[in-house]
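Here is how the chains run, residue by residue.
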Amino acid sequence: MNNKVINKQIPLETIVKVANYLEKYKEEYDRKFELEQNKNKNVPYGEKQWEYENGNTTINYTIEFKNGKNIKESDYNWFAQNLNQPSIIKSIAIDLYVSFYTKGPNNTINDIYNKINVSLYFREFDVTIDVDTTNQENEAHNLYSEVMNILEDNEDRYNKTMKHRKIRTQCFTISVGIILSYILYAIIKLNISK
């Protein structure tokens with residue numbers, strides 16, 4: 001699933017909200033993987049029962065600054081601290097990756113590879129969201145829908161105020177012109193009598 005969100009004002013608060021949602025999603029899988037590790041910790045190798053085997057989760061934040069500097073980190077706190085000066089940020093990318101193996105039907109070994117990869121790229125005028133999945137289509141669809149709802153829950157970039165800006169500018173210009181013409185008329189009227 002690949003989509004662009006255009007015509008929306010995406011403030012930093014929304015980007016942080018999306019990052020928080022993805023962090024919670026990652027933490028859910030981290031918890032599942034940790035429970036699996038603890039459940040199979042002291043069990044002999046042949047008797048281990050894995051529901052999620054070889055689980056891996058990562059989330060990376062990339063901030064591209066207007067001076068050309070590009071920094072990539074996986075620490076959420078670093079990401080949140082670097083959002084203090086939005087005027088120097090050119091773009092922001094958030095990448096979530098979750099993978100694990102599960103059992104197939106009628107199998108005793110974990111042989112089905114499952115992957116969910118979410119990439120968000122925030123630029124000044126649009127947001128690109130890409131969700132790539134293997135054997136987790138339903139969950140990827142739910143994740144995609146939730147992120148899109150967060151992004152779509154913002155004001156339109158070209159709302160009525162922006163759409164009618166030209167009319168307001170023209171009205172202001174005409175008003176200033178009328179005022180200046182009355183002033184000029186008054187000056188000319190005063191000079192004629194002299």
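Here, every reference points to the structure presented above.
Heads up: these notes are all about the structure in this document. None of the values given here were measured: they were computed from a predicted structure.

A look at the overall build of the protein
Okay, so step 1: Scanning the protein from terminus to terminus reveals five helices and six strands.
Okay, so step 2: In sequence order, the secondary structure elements of the protein are arranged as β-α-β-β-α-β-β-β-α-α-α.
Okay, so step 3: On C-alpha atoms alone, the protein measures out to a radius of gyration of 28 Å, which is more than a quarter above the 16 Å that the 2.2 N^0.38 rule sets for 194 residues.
Okay, so step 4: Seen through its principal axes, the protein has C-alpha atoms that stretch 115 × 30 × 25 Å.
Okay, so step 5: Taken across its 194 residues, the protein has 31% of its residues classed as buried.
Okay, so step 6: Approximately 12900 Å² of the protein is accessible, and the part contributed by carbon and sulfur atoms is 51%.
Okay, so step 7: If the 25 positive side-chain charges of the protein are averaged to one point and the 26 negative ones to another, these points end up 14 Å apart.

Describing the packing of aromatic side chains
Okay, so step 1: With the rule as written, the count across this model stands at eight aromatic pairs.
Okay, so step 2: Through a chain of ring-to-ring contacts, three or more aromatic side chains come together here, namely Tyr25, Tyr29, Phe33 and Phe100.
Okay, so step 3: For lysine 32, the ring lying beneath its charged end belongs to tyrosine 29, and the centroid distance is 4.5 Å.

Overview of the side chain of threonine 57
Okay, so step 1: Mapped onto the elements of the fold, threonine 57 is located in strand 2 (residues 53–65).
Okay, so step 2: Other than its neighbours up to four places away in sequence, threonine 57 contacts Lys26, Tyr29, Asp30, Phe33, Tyr97 and Val98.

Focus on the nonpolar core
Okay, so step 1: Membership of the largest hydrophobic core comes to 37 residues, with the highest contact counts inside it found for Leu22, Phe79, Ile94, Leu120, Phe122 and Leu151.
Okay, so step 2: Sorting the residues of this core by element identifies helix 1 (12–39), strand 2, helix 2 (76–81), strand 4 (89–103), strand 5 (110–122), strand 6 (126–134) and helix 3 (137–152) as the ones contributing at least two each.
Okay, so step 3: In this structure, leucine 151 is in contact with Val5, Lys8, Ile10, Thr14, Val18, Leu120, Phe122 and Val127, ignoring residues within four places of it in sequence.

What about the environment of isoleucine 63?
Okay, so step 1: Structurally, isoleucine 63 can be placed in strand 2.
Okay, so step 2: A C-alpha to C-alpha distance of 4.7 Å links isoleucine 63 and isoleucine 92, two positions 29 residues apart in sequence.
Okay, so step 3: In contact with isoleucine 63, other than residues within four places in its own chain, are Lys69, Asn70, Ile71, Trp78, Phe79, Asn82, Leu83, Ile89 and Ser91.

Re the pattern of salt bridges
Okay, so step 1: For the coordinates displayed, the defined rule picks out five salt bridges.
Okay, so step 2: For the salt bridge of lysine 90 with glutamate 64, the shortest nitrogen-to-oxygen distance reads 3.7 Å. Taken together, the residues lysine 90 in strand 4 and glutamate 64 in strand 2 connect sequence positions 26 residues apart.
Okay, so step 3: Residue lysine 115 pairs with aspartate 132 through a salt bridge whose shortest N-O separation is 2.7 Å. With lysine 115 in strand 5 and aspartate 132 in strand 6, this residue pair connects regions lying 17 residues apart in the sequence.
Okay, so step 4: Relative accessible area serves as the criterion here: at 16%, lysine 115 is assigned to the buried category.
Okay, so step 5: Of the residues examined, aspartate 132 reaches a relative accessible area of 34% and is grouped as partly exposed.

Quick word on the side chain of serine 91
Okay, so step 1: By the secondary structure assignment, serine 91 is in strand 4.
Okay, so step 2: In this structure the side chain of serine 91 is engaged in a polar contact, spanning 3.3 Å, whose partner is the side chain of tyrosine 121.

Details of unusual backbone geometry
Okay, so step 1: Despite not being glycine, asparagine 54 has its phi angle at roughly 55°, a positive value.
Okay, so step 2: Note that asparagine 54 resides in strand 2.
Okay, so step 3: Taking relative accessible area as the criterion, asparagine 54 reaches 56% and is therefore assigned exposed.

Examining a nonpolar patch on the surface
Okay, so step 1: Together, Phe172, Val176, Ile179, Leu180, Ile183 and Ile187 make up an exposed nonpolar region whose accessible area comes to about 580 Å².
Okay, so step 2: Structurally, the position occupied by phenylalanine 172 is in helix 5 (residues 165–193).
Okay, so step 3: Using a relative accessible area of 58% as the deciding quantity, one classes phenylalanine 172 as exposed.

The rules behind these values
- Residues numbered from 1 in each chain as written.
- Predicted model: local features only at pLDDT ≥ 70, side-chain atom pairs only at ≥ 80, totals over all residues.
- Heavy atoms only, no water.
- Helix = DSSP H or I, 4+ residues; strand = E, 2+ residues; numbered from the N terminus.
- Rg over C-alpha atoms; globule rule 2.2 N^0.38 Å.
- Buried < 20%, exposed > 50% of the residue type's maximum accessible area, 1.4 Å probe, protein only.
- Areas by Shrake-Rupley, 256 points an atom, 1.4 Å probe, with all protein chains shown as cover.
- Lys, Arg positive; Asp, Glu negative; His and termini not counted.
- Charge placed at Lys NZ, Arg CZ, Asp CG, Glu CD.
- Phe/Tyr/Trp six-rings, centres within 6.5 Å; stacked < 30°, edge-to-face > 60°.
- Lys NZ or Arg CZ within 6 Å of the ring centre and 35° of its normal.
- Contact = heavy atoms within 4.5 Å.
- Core = buried A, V, L, I, M, F, W, Y, C linked by side-chain atoms within 4.5 Å.
- Salt bridge = Lys/Arg side-chain N within 4 Å of Asp/Glu carboxyl O.
- Polar contact = N/O pair within 3.5 Å; in protein donor to acceptor, adjacent residues only side chain to side chain.
- Patch = residues over 30% accessible without salt bridge, like charges linked within 9 Å, V, L, I, M, F, W, Y side chains within 5 Å.

In short, geometric facts, not functional conclusions.
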